[in-house]
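# Observations on the three-dimensional arrangement
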Amino acid sequence: MHLLEMPILRCFWKCLKNYRLVMHPTAPSPSFLYTPDAPNLIADRQSESACIYGSRKIDLIVTKSVSRFARNTVDSLTTVRKLKEKGIEVYFEKENIYTLDAKGELLITIMSSLAQEESRSISENVTWGQRKRMADGKVTIPYARFLGYRKGENGLPEIIPEEAETVRLIYKSFMEGMTPGMIVKMLMEQGVPAPGGGDKWYTHTIKSILTNEKYKGAALLQKKFTVDFLTKKQKVNEGEVPQYYVEDSHEAIIEPEEFELVQAEIERRKELGKAYSGGSIFSAKIICPCCGGFFGSKVWHSTSKYRRVIWQCNHKFKNGEKCTTPHLYEDVIKEKFVQVCGMVGEYKEDFLRSCRQIVDMLSDCSAFDKQIGNLQIRADELTAVMQAFIKDNAENAQDQKRYSQRFAEYEKQMNEVESNLQSLQHKKAERLSRKELLLGMISELEKTDMMIHEFDEKLWRLMVEKTTVDTDGKLTFTLRNGMEIKV
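Residues numbered from 1 in each chain as written. Predicted model: local features only at pLDDT ≥ 70, side-chain atom pairs only at ≥ 80, totals over all residues. Heavy atoms only, no water.

## Here's the deal with the packing of aromatic side chains
The geometry of an aromatic ring pair is captured by two quantities: the separation of the ring centres and the angle between the planes. Scanning the entire structure with this criterion turns up 17 aromatic pairs. Centre to centre, the rings of Tyr91 and Tyr98 are 4.3 Å apart; their planes meet at 25°, and the pair counts as stacked. Their ring planes at 80° and their centres at 5.8 Å tell us that Phe282 and Trp311 sit as a pair that is edge-to-face. Taken as a pair, Phe282 in the loop between helix H8 (256-272) and strand S11 (286-287) and Trp311 in strand S13 (residues 308-313) lie far apart in primary sequence, 29 residues in all. One Lys or Arg, Arg308, reaches over the ring of Tyr329 and ends 3.7 Å from the middle of that ring. (Phe/Tyr/Trp six-rings, centres within 6.5 Å; stacked < 30°, edge-to-face > 60°. Helix = DSSP H or I, 4+ residues; strand = E, 2+ residues; numbered from the N terminus. Lys NZ or Arg CZ within 6 Å of the ring centre and 35° of its normal.)

Structural data, given as structure tokens:
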């Protein structure tokens, strides 16, 4: 008797401690099983072994109530009927119901329906409470597997210094050019504990840490929501339910401007795709004007005292056409950037003023909002028309060929509206991301002396959009505000 071939019973046997297997009062040759850890009880998920005590089958399963047996009416009845086929009876103590009794199934149907409605009511109450907390700006963090924070005495997130250093290292390494995979390898080699106390890091863990706004002291609440209270299935919130963004909800581990820099760098690498190698802060930043490709690093005399790192076009000797741009020494790139900082430093206030003007311009998204609003109205109108059209076809006889043609036209219009809507939303997000990036740069430059004498990696990451190499070896630095400086 392989009861475990029934999927719903796998969990049932695994959680056997909630049940007691006892003697049926009318069974002629009853079997006994008092403890869930009885030596002869086999409940193996992988082998799907039979659940047998000794040489006898189970006669009766006693459970506390119908609500503990299954989540809904269908599951209850399906399981009870499958057990009946095996000659096994289920007794519900609270309701005093035996499933082999003539009235058993009717009573189970009624009680299961009541239990299902009770589950729905409890779920709705819990959901309301959670959403009320979110609306009030109360932040909840899954501390057990969240790196860097623990629950403080006041109930708010509190920084764990040792773990916070790991978070800062991850952000720093990423902005220095490392990919999530490289960061995983580095942390594993250093023996740094993973979130939750494990010893293994994963790429998706690094990506989650790099994109989680909680590390900058903010919180986006209700990123996901439960679709069905029975299955507990969750879905990413795409506007179906309200989201709440709480600023300065707790102490930050990462400065907001650094967090925005990382988000901009993530988007930049997505656009570059495989062109990004992640070997250096100069990766995918230096451009060849001849072919439009990127410069890559090469090492000359790697095993001698004359070792030098040079940068040259990755397509310089490919496809039979040699690019005319010269190679660059890494030291020269750094020296020229120091010169750029000096030039900006001379007119620092004017530079910052122009950046603030661009921020003001980028902050105005009214045109995007108007277009997005119009498209959303149009999408709602098309949805209503399509639903009415489908309903009319179901209720009245129509030419199905013509119906299919008209429905295809509606679908085409809807796809076009959705495509335009997504495009506008993406452009708006890019605009706001650029604004946040400039705000971060302004904030940092206001407190930084631009007249530097040595290369500063942080300033490079903050200021430089790209660098173009001319055939004469001169470099044109394009800064975040669109300004170009040739040195």
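Don't stop here, the text continues.
## Digging into the sheet that holds strand S17 (residues 484-486)
Spatially, four strands are ordered S11-S15-S16-S17 in an open sheet, and the strand pairing comes out mixed. Of all strands in the sheet, those with a lone pairing partner are S11 and S17, marking the two edges. Inspection of the sheet shows S11 paired to strand S15 (residues 464-469) by two bridges, in the parallel sense. Pairing of Ile287 across the sheet is with Thr468, part of S15. Where helix H9 (residues 330-346) meets the sheet, its contacts fall on S11, S15, strand S16 (475-479) and S17, and the angle it forms with S16 comes to roughly 55°. (Pairing = 2+ DSSP bridges. Contact = heavy atoms within 4.5 Å. Axes fitted to C-alpha atoms, helices over the stretch in contact; angles between N-to-C directions.)

## Remarks on the packing of helix H10 (residues 348-363) against helix H12 (residues 400-446)
Orientation of H10 relative to H12, taken along the N-to-C sense of each, is 155°, at an axis distance of 9 Å. Here H10 lies roughly antiparallel to H12, going by the angle between them. The hand of the H10/H12 crossing is left-handed. Taking contact as the criterion, the partners of Lys348, Phe351, Leu352, Cys355, Arg356, Ile358, Val359, Met361, Leu362 and Ser363 in H10 are, on H12, Arg431, Leu432, Arg434, Lys435, Leu438, Leu439, Met441, Ile442, Leu445 and Glu446. (Parallel < 35°, antiparallel > 145°, perpendicular 65-115°, else oblique. Left-handed = near helix turned anticlockwise from the far one by under 90°.)

## Thoughts on the pairing of S15
In this structure, S15 lies alongside S16, joined through five bridges in antiparallel fashion. For Val464, the partnering residue across the bridge sits in S16 and is Leu479. Hairpin connection of S15 to S16: five residues between the antiparallel strands, including Gly473 at a positive phi of 90°.

## Focus: the pairing of strand S3 (residues 89-92)
Burial of the side chains of S3 extends over both faces: Glu89 and Tyr91 are buried on one face and Val90 and Phe92 on the other. The pairing of strand S2 (residues 60-63) with S3 spans four bridges and is classified as parallel. By the bridge assignment, Val62 is partnered in S3 with Tyr91. The pairing of S3 with strand S4 (residues 97-98) spans two bridges and is antiparallel. Bridged to Phe92 within S4 is Ile97. (Buried < 20%, exposed > 50% of the residue type's maximum accessible area, 1.4 Å probe, protein only.)

## Description of H9
For H9, which comprises 17 residues, the first-to-last C-alpha distance of 25 Å matches the rise-based estimate of 24 Å (1.5 Å per residue) to within 8%. All of the buried residues in H9 are Glu330, Ile333, Lys336, Phe337, Val338, Val340, Cys341, Gly342, Val344 and Gly345. (Expected span 1.5 Å × (residues − 1).)

## Here we look at the nonpolar core
With 73 residues, the main nonpolar core has Tyr171, Trp201, Tyr215, Met463 and Phe477 as its most contacted residues. Setting aside anything within four residues of it in sequence, one finds Tyr171 in contact with Ile209, Leu210, Thr211, Asn212, Tyr215, Ile254, Glu258, Phe259 and Val262. By size, the runner-up hydrophobic cluster in this structure holds 14 residues, among which are Ile372, Leu375, Leu382 and Phe389. (Core = buried A, V, L, I, M, F, W, Y, C linked by side-chain atoms within 4.5 Å.)

## Notes on the pattern of salt bridges
Two side chains bearing opposite charge may form a pair once their charged atoms approach each other closely. Taken as a whole, this structure holds 15 salt bridges when the rule is applied. Arg378 serves as the salt-bridge partner of Glu381, at 3.8 Å between the closest nitrogen and oxygen. Linking Glu381 with Arg378, this pair stays in helix H11 (residues 366-395), spanning three residues, or about one helical turn. On the basis of relative accessibility, which here comes to 42%, the residue Glu381 falls in the partly exposed class. Residue Arg378 is classed as partly exposed on the basis of its relative accessible area, which comes to 35%. A salt bridge links Glu457 to Arg461; the shortest N-O distance between them is 4.0 Å. Taken together, the residues span about one helical turn, with Glu457 and Arg461 both in helix H13 (residues 457-463) at a distance of four residues. The structure contains a network of salt bridges with shared partners spanning Arg434, Glu465 and Arg480. (Salt bridge = Lys/Arg side-chain N within 4 Å of Asp/Glu carboxyl O.)

## Examining helix H6 (residues 180-190)
For H6, the set of buried residues is Pro180, Ile183, Val184, Met186 and Leu187. Angular distribution of buried residues about the axis of H6 spans 165°; they occupy a single face of the element. What points out from H6, more than 90 degrees from its buried face, is the exposed set Lys185 and Glu189. Backbone geometry just after H6 places Gly191 at a positive phi near 70°. (Arc of directions from axis to C-beta.)

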